[in-house]
Amino acid sequence: MRDVRLIVGAVGLSAAGDTVLWVLLALHVGTTVDSALAVSALFICLWGPVVALGGVAGRLVDSHENRRLLIAVSLAQAAVVVAMAFTTGSLPVLLALCLLLGAGVAVASPAEFALVPAAAGEERVALANGQVEAARYLGMTAGPLIGGALAGAGLTHVGLLIDAASFVAVAIAALALHARRHPHAHAAPTRSRDGIQALVRDRTLAIAMAAAIASLLFFTISVSAEVFFATEVLETGATGYGVLMGAWTLGMVAGAIGLARLVPTRWLAAGAMAGIAVQGLGLFGAAVGATVALALLGFLIGGVAHGAKNVLLRTLIHERVPEAQRGRAYAAYNAARNGAELAALGAGGVLVGLAGAQLALAVSGALPLAIGLGTLLLIIPAPRRRPAYA
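These figures come from a predicted structure and were not determined experimentally.

Participant: Can you explain the overall build of the protein? Please cite residues and give values.
Facilitator: Along the protein, the regular secondary structure elements total 15 helices and 0 strands. Taken against the 2.2 N^0.38 rule, which gives 21 Å for 390 residues, the C-alpha radius of gyration of the protein at 21 Å falls within 12% of a compact globule. For the protein, the spread of C-alpha atoms along the three principal axes comes to 85 × 60 × 35 Å. Across the 390 residues in the protein, those meeting the buried criterion constitute 50%. In the protein, once contacts between residues fewer than 6 apart in sequence are set aside, the share between residues at least 24 apart is 86%. Counting every atom, the protein has about 17000 Å² of accessible surface; 69% of that belongs to carbon and sulfur.

In structure tokens, the structure reads:
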């Protein structure tokens, strides 16, 4: 499991570095340009390439040796962030560099995903996926704290250089890997739609992917609602908001490490759909209860379900997609997932403005709850009826 530990460490470090960068750049652009549109443009440039380049990234991952690809992309990302540290005074240059960084994420994420079975062995993929996702969540928890502290101390440039160093560390971890994932010499030429086709060719996988992406159109509305729910509805202020987010993240780590590995392979899809339903239930319960205790309980339960769901969906793709197509399949899933979240972020801001944070949070939970329960009925086969005898 040495290679798995290297991948887990690289993913956690990368997630922390990414979120440090997001916080630093958002605060820098927000204070220097003083424009919400500029901050929105920043995140569109960071996340948009994952959506736009899903097909291209998947083809690269399935046609090149993945360890070597991950090394090259990580070093290129380090160079981009170093350039950012010395060009923060120019918004156009910063946005262009964000596009390049996002393009690197579009390639690195499916490369890491496709390397997991080579590192862990096909029989231990579920366990490795749980560790990878837990490391990602821990990194995403630590990153904003570090980024906020660096920004508060006026060390934006130093923070960007630290982020660049994290990409170099990821490249070193990839260099140390023994695992290899080589392209298949006799594989058919790839097309832009091959990743989508790999996800929909299997009925169970197609239903699970459709439900997961549809639910994100509503789940991500909660991002716009949560801060106002905590400060205006629960009246707990910034501290209460931080505690709610901490409960959710703690739940995600517990779900990824503790719960997901208990689900048998034959129940991966059903478990993921149950995770969608319970995640929705947690948000809906928090909104309806509208007390600090019920909100904390709902966010903790929702976080556990969220963490388990993500691990189960990763493992389901590994199980249901042929090895030669996994890079394209995950890149397509990543693109669809990020596209749904970008759309939901815009819709969430509008809904919070029109209907208030409590109703927006309730909607973000109720509709995925319905999607999860409805999809379970499609995935779980109906019991056979016993023949009636006269």
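Participant: Pulling in residues and values, what's your account of the packing of aromatic side chains?
Facilitator: Counting across every chain of the model gives 5 aromatic pairs. Note on tryptophan 22 and tryptophan 47: the rings are 5.4 Å apart at their centroids and 80° apart in plane angle, and the pair reads as edge-to-face. Highlighted residues: tryptophan 22 in helix H1 (residues 2-32) and tryptophan 47 in helix H2 (residues 36-52), separated in sequence by 25 residues. According to the relative accessible area criterion, tryptophan 22 is partly exposed, its value standing at 25%.

Participant: Talk me through helix H3 (residues 54-63); I want residue IDs and the actual numbers.
Facilitator: Residues Gly54, Ala57, Gly58, Val61 and Asp62 constitute the buried set of H3. Within H3, the buried residues cover an arc of 125° as seen down the axis, which keeps them to one side.

Participant: Quick rundown of the pattern of salt bridges? Include the residues and the values.
Facilitator: Summed over the entire model, instances satisfying the criterion amount to 9 salt bridges. Among the salt bridges present, the one from glutamate 133 reaches arginine 136, with a minimum N-O distance of 3.3 Å. You can see glutamate 133 and its partner arginine 136 sitting in helix H6 (residues 125-152), 3 residues apart, about one turn around the helix. For the pair glutamate 133 and arginine 136, a shared accessibility class is recorded, and that class is buried. Between arginine 181 and glutamate 323 there is a salt bridge, with its nearest N and O atoms 2.7 Å apart. Here the residue arginine 181 occupies a position in the loop between helix H7 (156-176) and helix H8 (194-200), and glutamate 323 occupies one in the loop between helix H13 (292-320) and helix H14 (326-355), the gap between them amounting to 142 residues. Through salt bridges with shared partners, one network takes in Asp62, Arg181, Glu323 and Arg328.

Participant: Describe the state of the cysteines, with residues and values.
Facilitator: Scanning the entire structure with this criterion turns up 0 disulfides. In this structure cysteine 45 is not part of a disulfide, and its nearest cysteine sulfur, from cysteine 98, lies 6.2 Å away. Cysteine 45 sits in the buried class, given a relative accessible area of 12%.

Participant: So what about H14? Which residues, and what values?
Facilitator: Taking 1.5 Å of rise per residue, the 30 residues of H14 would be expected to cover 44 Å, and the 41 Å separating its terminal C-alpha atoms lies within 8% of that figure. Taken from the residues just after H14, glycine 356 is the one with a positive phi, measuring 95°.

Participant: Outline the environment of isoleucine 257, supporting the account with residue identities and numerical values.
Facilitator: For isoleucine 257, the position within the fold is in helix H11 (residues 237-259). On the accessibility criterion, isoleucine 257 (43% relative accessible area) is partly exposed. Taking the C-alpha atoms as reference points, isoleucine 257 and arginine 136, 121 residues apart in sequence, are found 12 Å from one another. Setting aside residues up to four positions removed in sequence, isoleucine 257 forms contacts with Gly130 and Ala134.

Participant: Requested: an account of the nonpolar core, with residues and values cited.
Facilitator: If you look at the biggest cluster of nonpolar residues, it comprises 56 residues, and the most contacted ones within it are Leu199, Met273, Phe299, Leu313 and Ile317. Residues contacting isoleucine 317, with those up to four places away along its chain left out, are Phe113, Leu199, Leu205, Met209, Ala329, Tyr330 and Tyr333. If you look at the next biggest cluster of nonpolar residues, it comprises 27 residues, including Val8, Ala57, Val116 and Val132.

Participant: Account for the packing of H1 against helix H5 (residues 91-120), naming residues and giving values.
Facilitator: Direction vectors running N to C along H1 and H5 enclose 160°, while the axes themselves pass 11 Å from each other. It follows from the interaxial angle that H1 and H5 lie roughly antiparallel. Taken as a pair, H1 and H5 cross one another with a handedness that is left-handed. Along the contact surface, H1 presents Asp3, Val4, Ile7, Val11, Leu21, Leu25, His28 and Val29, while H5 presents Leu91, Leu94, Cys98, Leu101, Glu112, Leu115, Val116, Ala119 and Ala120. Looking at side-chain class alone, the contact of H1 with H5 contains 14 nonpolar, 1 polar and 2 charged residues.

Participant: Explain unusual backbone geometry residue by residue, including any values.
Facilitator: If you check the backbone angles, glutamate 235 has positive phi at about 55° while not being a glycine. Along the chain, glutamate 235 turns up in the loop between helix H10 (221-233) and H11. With phi around 55°, alanine 290 is a residue other than glycine that occupies positive phi space. Relative to the helices and strands, alanine 290 is located in the loop between helix H12 (268-289) and H13.

Parameters and conventions
Residues numbered from 1 in each chain as written. Predicted model: local features only at pLDDT ≥ 70, side-chain atom pairs only at ≥ 80, totals over all residues. Heavy atoms only, no water. Helix = DSSP H or I, 4+ residues; strand = E, 2+ residues; numbered from the N terminus. Rg over C-alpha atoms; globule rule 2.2 N^0.38 Å. Buried < 20%, exposed > 50% of the residue type's maximum accessible area, 1.4 Å probe, protein only. Contact = heavy atoms within 4.5 Å. Areas by Shrake-Rupley, 256 points an atom, 1.4 Å probe, with all protein chains shown as cover. Phe/Tyr/Trp six-rings, centres within 6.5 Å; stacked < 30°, edge-to-face > 60°. Arc of directions from axis to C-beta. Salt bridge = Lys/Arg side-chain N within 4 Å of Asp/Glu carboxyl O. Disulfide = S-S within 2.5 Å. Expected span 1.5 Å × (residues − 1). Core = buried A, V, L, I, M, F, W, Y, C linked by side-chain atoms within 4.5 Å. Axes fitted to C-alpha atoms, helices over the stretch in contact; angles between N-to-C directions. Parallel < 35°, antiparallel > 145°, perpendicular 65-115°, else oblique. Left-handed = near helix turned anticlockwise from the far one by under 90°. Nonpolar A, V, L, I, M, F, W, Y, C, P; charged D, E, K, R; others polar.

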